[in-house]
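# Analysis of the macromolecular model
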Amino acid sequence: MLNLPIIFIMENRKCLECYEQLRGRADQKFCSDQCRSAYNNKQNGETHNMINSINRILKKNYYILSTLTSEGKITTSKTDLQKKGYRFDYFTCTSTTKASQTNYFCYDQGYREKDNNKVVLVRRNHLPAQQSVSH
Ligand SMILES: [Zn+2]
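The paragraphs below set out a description of the structure included in this document. (Residues numbered from 1 in each chain as written. Predicted model: local features only at pLDDT ≥ 70, side-chain atom pairs only at ≥ 80, totals over all residues.)

### Let's talk about the overall build of the protein chain
Across its full length, the protein chain carries two helices and five strands. Traced from its N-terminal end to its C-terminal end, the protein chain shows the element sequence α-β-α-β-β-β-β. In terms of principal-axis extent, the alpha carbons of the protein chain reach across some 80 × 35 × 30 Å. Taking all 135 residues of the protein chain together, the buried fraction comes to 13%. Excluding contacts between residues fewer than 6 apart, the proportion of contacts in the protein chain whose partners are at least 24 apart in sequence is 38%. (Helix = DSSP H or I, 4+ residues; strand = E, 2+ residues; numbered from the N terminus. Buried ≥ 20, exposed ≤ 12 C-beta atoms within 10 Å, placed from the backbone. Contact = placed C-beta atoms within 7 Å.)

What follows is the structure, given as structure tokens:
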């Protein structure tokens, strides 16, 4: 059997932060610890902003629904919710009624759609069950 020389394949790998050519292990992503932490800080900042902006939407939805229920409203319209700035694409959980309708909740405040643009306001009066984690 021939002893073949070990060939190092030089990929064109660059530091994710400063785009410096990398010469270390194949799984190396950064040229230095400074670049690693600079990059990670930026990523964490973006994650934080993304979570914050979604939380703001959910809180606004929650506020819109809870204001209506505290005013004693039982139904409203999708148009009215939309005018108040409600985002129908953001909710925290759903549940299905016996009649196979979907309730959309923001925390404990929710709604379900009826005919003709109408919505019924609903509430969840229990805390979510703890998800059991299997290892
Ligand atoms: Zn670097």
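### Side note on the nonpolar core
Ile-64, Leu-65, Leu-68, Leu-81, Tyr-86, Phe-91, Tyr-104, Phe-105, Cys-106, Tyr-111, Val-119 and Val-122 form the largest nonpolar core, which has 12 residues in total. For this core, the secondary-structure elements that each account for two or more residues are α1 (33-70), β3 (102-106) and β5 (118-123). Those residues in contact with Cys-106 that lie beyond four places of it in its chain are Leu-58, Asn-61, Tyr-62, Leu-65, Phe-91 and Thr-92. (Core = buried A, V, L, I, M, F, W, Y, C linked by C-beta atoms within 7 Å.)

### Points about unusual backbone geometry
In the Ramachandran plot, Tyr-19 falls in the positive-phi region, its phi being about 65 degrees despite a non-glycine side chain. Secondary-structure assignment places Tyr-19 in the segment before α1. Given 10 C-beta atoms within 10 Å, Tyr-19 falls into the exposed group. Backbone geometry at Asn-116 places phi at a positive 50 degrees, although glycine is not the residue there.

### Re the sheet that holds strand β1 (residues 75-77)
Spatial ordering of the open sheet is given by β1-β5-β4-β3-β2, a layout of five strands whose pairing is antiparallel. Each edge of the open sheet carries a strand with a single partner, namely β1 and β2 (93-96). Looking at each pair of strands side by side, their axes are set apart by 35 degrees on average, direction ignored. Taken together, the five bridges between strand β4 (residues 109-113) and β5 define a ladder with antiparallel strand orientation. (Pairing = 2+ DSSP bridges. Axes fitted to C-alpha atoms, helices over the stretch in contact; angles between N-to-C directions.)

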